[in-house]
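Examination of the molecular architecture
Each chain, written out:
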Amino acid sequence: MDFLIITGLSGAGKSRAADVLEDLDYYCVDNMPLELMPRFAELCIATKGRYEKVALVTDVREKGGFEKLPETIEKLKELNCTCHILFMEADTETLVRRYKETRRRHPLQTRGMSIEQAIEKERELTFCVREMADYLVSSNFLTLGMLQNRLFTLFAGTDKKREIDVTVLSFGFKHGIPMDADLVMDARFLPNPFYVDELRHLNGLDRPVFEFVFGYPQTRAFMEKLEEMVDFLLPYYIEEGKLSLTIAIGCTGGHHRSVAIASALNDYLTAKGISSVNINRDIEK
């Protein structure tokens with residue numbers, strides 16, 4: 001069993017790191033008392049494979065016991081657990097700014113003590129653990145996406161390709177734009193099968209409607225540009241740490257044009273090996 005202890009300076013991004021590691025299939029627990037860690041490890045081991053990767057967040061909130069972390073790690077190793085330490089830090093100026101922005105009190109700050117003094121006290125208390133750390137990450141100037149990339153490289157392996165889950169969603173504008181859409185494309189400029197009697201009762205998944213929509217040169221040109229734009233954007237969304245993307249294609253009712261375009265785009269992405277799913281929100285309305 002692989003145990004990762006996430007620790008470091010308050011405000012340096014330990015909770016954010018835990019969120020990222022959850023996306024990498026770690027089971028994460030924040031602020032677990034050190035004395036409970038070995039018992040927790042025993043319970044995880046008893047599940048016989050259910051929890052193979054566990055990340056535990058601990059820091060100076062562990063009142064009067066943080067100095068026992070090295071001893072706790074030895075106990076975990078005695079249980080045949082692989083145990084590593086991720087230490088998160090940032091410079092004092094960055095930490096002070098973050099505390100002022102969130103208006104939270106530093107866990108070591110007492111009456112008459114400045115934030116700077118509390119931070120320096122914490123540096124002294126965590127110095128030994130920092131020296132033990134297997135991974136040292138400074139969150140200075142890191143956006144969430146940059147932090148995700150850094151942790152992904154450390155804990156998912158550089159040989160593993162970053163992926164993004166894409167949802168291609170068709171909808172009708174008269175039913176409202178999807179609230180979770182990241183990109184919205186308007187297909188209402190295309191010729192409408194609704195005005196063809198033999199096509200009106202069908203939808204964009206039916207071959208006659210699909211061929212009607214793509215029988216026009218403007219549709220094929222639009223599709224080519226849409227594919228080119230998505231090819232351009234996806235690597236940058238992945239670089240920014242986005243794990244999912246919803247591309248919404250709309251027409252008037254969400255029955256014909258948007259359904260055909262969404263289906264074609266989903267097929268294009270799937271053929272390229274991208275994790276993509278097609279949802280037609282308003283096709284039955």
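Here's a quick rundown of the structure. If you're wondering where the values come from, they're calculated on a predicted model, not measured in any experiment. (Residues numbered from 1 in each chain as written. Predicted model: local features only at pLDDT ≥ 70, side-chain atom pairs only at ≥ 80, totals over all residues. Heavy atoms only, no water.)

This part is about the side chain of asparagine 203. As for its position among the elements, asparagine 203 is in the loop between helix H7 (197-200) and helix H8 (207-213). A polar atom in the side chain of asparagine 203 sits 2.8 Å from the backbone nitrogen of leucine 205. Those residues in contact with asparagine 203, other than ones at most four positions away along the chain, are Val209, His255, His256 and Ile283. (Helix = DSSP H or I, 4+ residues; strand = E, 2+ residues; numbered from the N terminus. Polar contact = N/O pair within 3.5 Å; in protein donor to acceptor, adjacent residues only side chain to side chain. Contact = heavy atoms within 4.5 Å.)

Evaluated as defined, the whole model comprises 10 aromatic pairs. Centre to centre, the rings of tyrosine 27 and tyrosine 51 are 4.8 Å apart; their planes meet at 55°, and the pair counts as tilted. Of this pair, tyrosine 27 sits in strand S2 (residues 27-30) while tyrosine 51 sits in the loop between helix H2 (37-46) and strand S3 (53-57), and the two are 24 residues apart along the sequence. Take tyrosine 27: its relative accessible area is 37%, and that puts it in the partly exposed class. A centroid spacing of 5.4 Å and a plane angle of 70° characterise the contact between phenylalanine 212 and tyrosine 216, whose relative ring orientation is edge-to-face. For tyrosine 216, a relative accessible area of 31% corresponds to the partly exposed category. Here a set of aromatic residues connected by ring pairs shows up, and it is made of Tyr26, Tyr135 and Phe155. Arginine 188 extends its terminal NZ or CZ atom over the ring of phenylalanine 173, reaching a point 3.7 Å from the ring centre. (Phe/Tyr/Trp six-rings, centres within 6.5 Å; stacked < 30°, edge-to-face > 60°. Buried < 20%, exposed > 50% of the residue type's maximum accessible area, 1.4 Å probe, protein only. Lys NZ or Arg CZ within 6 Å of the ring centre and 35° of its normal.)

Within the element layout of this structure, serine 10 appears in the loop between strand S1 (2-8) and helix H1 (14-23). Engagement of the side chain of serine 10 in a polar contact is seen with the side chain of glutamate 122, the distance being 2.7 Å. Ignoring sequence-local partners within four residues, the contact set of serine 10 consists of Val60, Leu95, Tyr99, His106, Pro107 and Glu122.

On to the sheet that holds strand S7 (residues 183-186). The sheet built from 4 strands is open, its strands ordered S7-S8-S6-S9 with parallel pairing. Single-partner strands in this sheet number two, and they are S7 and strand S9 (276-280). Within the sheet, the average angular offset between the axes of one strand and its neighbour, ignoring direction, is 20°. Pairing geometry for S7 and strand S8 (residues 244-251), over 4 bridges, is parallel. Bridging from a neighbouring strand, methionine 185 pairs with isoleucine 249 of S8. (Pairing = 2+ DSSP bridges. Axes fitted to C-alpha atoms, helices over the stretch in contact; angles between N-to-C directions.)

Let us now look at the pattern of salt bridges. In this structure the tally under the stated criterion is 15 salt bridges. Among the ionic pairs, lysine 272 bridges to aspartate 231, the shortest N-O distance being 2.8 Å. With lysine 272 in the loop between helix H10 (257-271) and S9 and aspartate 231 in helix H9 (residues 217-239), the pair connects residues that are 41 residues apart, well separated along the chain. Residue classification places lysine 272 among the partly exposed positions, given a relative accessible area of 47%. Residue arginine 281 pairs with aspartate 282 through a salt bridge whose shortest N-O separation is 2.9 Å. Assessed through its relative accessible area of 29%, arginine 281 is described here as partly exposed. Aspartate 282 sits in the buried class, given a relative accessible area of 0%. Within the structure, one salt-bridge network assembled from shared partners comprises Lys14, Asp30, Asp59 and Arg61. (Salt bridge = Lys/Arg side-chain N within 4 Å of Asp/Glu carboxyl O.)

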